[in-house]
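A look at the structure
Residue-level listing of the chains:
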Amino acid sequence: MTGAPVAQAVVQAVAALRAGGLVILPTETVYGLAADAGNAQAVARLYEAKGRPRFNPLIAHVADLAAAERVARFDPLSRRLAEAFWPGPLTLVLPARAEGGVGELAQAGLETVAVRAPAHPLAQAVLAGFGGPVVAPSANRSGRPSPTTLADAVEETGAAAAAALDGGPCAVGVESTVVAVLDGAPRLLRPGGLERAAIEALTGPLAEAGSETGRSPGRLALHYAPDAPVRLEAAQPRPGEAWLSFGPAPPGPAPPGCAVWNLSPSGDLREAAANLFAHLRAADRTRPVAIAVAPIPSHGLGEAIDDRLRRAAGYVG
Ligand code: TXA
Ligand code: MG
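Parameters and conventions
- Residues numbered from 1 in each chain as written.
- Chains lettered and ligands numbered in written order.
- Predicted model: local features only at pLDDT ≥ 70, side-chain atom pairs only at ≥ 80, totals over all residues.
- Heavy atoms only, no water.
- Helix = DSSP H or I, 4+ residues; strand = E, 2+ residues; numbered from the N terminus.
- Rg over C-alpha atoms; globule rule 2.2 N^0.38 Å.
- Buried < 20%, exposed > 50% of the residue type's maximum accessible area, 1.4 Å probe, protein only.
- Contact = heavy atoms within 4.5 Å.
- Areas by Shrake-Rupley, 256 points an atom, 1.4 Å probe, with all protein chains shown as cover.
- Lys, Arg positive; Asp, Glu negative; His and termini not counted.
- Charge placed at Lys NZ, Arg CZ, Asp CG, Glu CD.
- Core = buried A, V, L, I, M, F, W, Y, C linked by side-chain atoms within 4.5 Å.
- Salt bridge = Lys/Arg side-chain N within 4 Å of Asp/Glu carboxyl O.
- pLDDT = per-residue confidence, 0-100.
- Axes fitted to C-alpha atoms, helices over the stretch in contact; angles between N-to-C directions.
- Parallel < 35°, antiparallel > 145°, perpendicular 65-115°, else oblique.
- Left-handed = near helix turned anticlockwise from the far one by under 90°.
- Nonpolar A, V, L, I, M, F, W, Y, C, P; charged D, E, K, R; others polar.
- Pairing = 2+ DSSP bridges.
- Phe/Tyr/Trp six-rings, centres within 6.5 Å; stacked < 30°, edge-to-face > 60°.

Broken down by element type, the protein chain carries nine helices and 14 strands. Over its C-alpha atoms the protein chain spans a radius of gyration of 19 Å, differing by no more than 12% from the 20 Å that the globule rule assigns to 317 residues. With the C-alpha coordinates of the protein chain rotated into their principal frame, the extents come out at 60 × 45 × 35 Å. Burial status across the protein chain gives 56% buried among its 317 residues. Intrachain contacts of the protein chain at a sequence separation of at least 6 include 67% that bridge at least 24 residues. Within the structure as shown, the protein chain displays about 12,900 Å² of accessible surface, and the carbon and sulfur contribution to it stands at 55%. Taking the 27 positively charged and 29 negatively charged side chains of the protein chain as two groups, their mean positions are separated by 3 Å.

Put into structure tokens, the structure is as follows:
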């Protein structure tokens, strides 16, 4: 989409949100299913469309730090993080403002709120046009891999959406990094599209998720799961498996009947993150006996890739 059709699609998306409808919204991380954060009926429909437990709170998306300050209470550290990394793949969990415009249902009754300013130009245009906070969980059905293309989003939750925007394939490909800044000590609740090292350069070492872990059900095992079982750290595929490789292709051919997807032939973790969910879905569509995944380095974006793969495999993280 370019020019006038884009502007028209954005106007339609904003109108759908105002009317209490759900909108498939591209972000730089993954596609979200968006609703007016202050409209309890819309948010209830959103939980229902995803099949998501109501104790799992949503992220409020805003255009910028000024809008975020109306939703949540920032301290100097959280403000510094927002200034450094927004718009971008960082979500901050902060004390909520009572009149911040995010309803109790979206916050799952907590006194904290997750807030992020996404970088994708279409998300920015919708948020600027709408004016208030928009909740947008990943547009998959609960427990399934996140969609990174419009087609995958429509396949997951399109039936419930009043409008959908095509932003192309998501550049980052894994969800935002979630950091709680509640008592001065920043804690990593979910590794994601912003590398830990970039955050720690500002904050010093991040504490691990403490008691909030139970409050971030995105952190539970068997999340992001395809239908086929997932076998990790696989040196070779076995007959009947689909093969997610990484780095230069091994010299020998794959066993007969093995379909192969390479997350990054050059061994680039950014490319692997961008391909991760689309390749998992493509491999799953061939109905293999299992999806075998090559070892992936754990530095940089490898931390988020490893996290999603372990959850896809059903390991407790
Ligand atoms: O990249 C992303 O963050 C995508 C795009 C669409 O923006 N959204 C996304 O939303 O991944 P969702 O709902 O799938 O994941 C939000 C995560 C969940 O693990 C949730 O439990 C956690 O953030 N979360 C939300 N509010 C929280 C809070 N107040 N305290 C702790 N965790 C919270
Ligand atoms: Mg999700």
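Back to the write-up after that little detour.
What follows is about the environment of Leu90. Its location among the elements puts Leu90 in strand β4 (residues 90–95). In contact with Leu90, other than residues within four places in its own chain, are Leu81, Phe85, Val115, Arg116, Ser176, Thr177, Val179, Leu194 and Ile199.

To continue, consider the nonpolar core. In this structure, Phe74, Trp86, Leu90, Leu92 and Val115 are the most contacted members of the largest nonpolar core, which totals 44 residues. A per-element tally of this core places helix α2 (residues 40–50) first, with five residues. Those residues in contact with Trp86 that lie beyond four places of it in its chain are Leu65, Ala68, Phe74, Leu81, Leu92, Val115, Arg116 and Ala117.

A separate point is the pattern of salt bridges. For the structure shown, the criterion picks out 16 salt bridges. Between Glu175 and Arg308 there is a salt bridge, with the nearest N and O atoms lying 2.7 Å from each other. Here Glu175 is found in the loop between β7 (163–164) and β8 (177–180), whereas its partner Arg308 is found in helix α9 (residues 302–312), with 133 residues between them in sequence. This pair shows no difference in class: Glu175 is buried, exactly as Arg308 is. With a closest N to O distance of 2.9 Å, Arg311 and Asp307 form a salt bridge. Taken together, the positions of Arg311 and Asp307, both in helix α9 and four residues apart, correspond to about one turn of that helix. Accessibility assignment for this pair places Arg311 and Asp307 in one class, buried. Salt bridges sharing common partners tie together Arg144, Asp152, Glu155, Glu156, Asp227, Arg281 and Arg285.

Summing up the model confidence of the protein chain, the mean pLDDT is 92 and the portion of residues at 70 or higher is 94%. Counting contacts from residues 211–215, a segment whose pLDDT is below 50, to residues more than four positions away or on other chains yields seven contacts.

The interhelical angle for the contact between helix α4 (residues 76–85) and helix α7 (residues 196–203), taken along N-to-C directions, is 135 degrees, at an axis separation of 10 Å. Judged by the angle between their axes, α4 and α7 are oblique. Handedness of the crossing formed by α4 with α7: right-handed. On α7, the residues touching Leu77, Arg80, Leu81, Ala84 and Phe85 of α4 are Ala198, Ile199, Leu202 and Thr203. In terms of residue class, the contact of α4 with α7 is built from seven nonpolar, one polar and one charged.

This paragraph deals with the pairing of strand β2 (residues 32–36). In terms of burial, β2 is largely enclosed, as five of its five residues are buried. Taking the residues between adjacent antiparallel strands as the criterion, strand β1 (residues 23–25) and β2 are bridged by six residues. As paired elements, β2 and strand β6 (residues 134–135) share two bridges and run antiparallel to each other. Looking at β6, one finds that Asp36 is bridged to Val134.

Aromatic ring pairs are described here by two measures, namely the spacing of the ring centres and the angle between the planes. Applying the stated rule across the entire model yields two aromatic pairs. On the numbers, 5.9 Å between centres and 25 degrees between planes, the contact of Tyr224 with Phe277 is stacked. With Tyr224 in the loop between β10 (207–208) and β11 (230–231) and Phe277 in helix α8 (residues 269–285), the pair connects residues that are 53 residues apart, well separated along the chain. Summarising the burial analysis for this pair, Tyr224 and Phe277 share the class buried.

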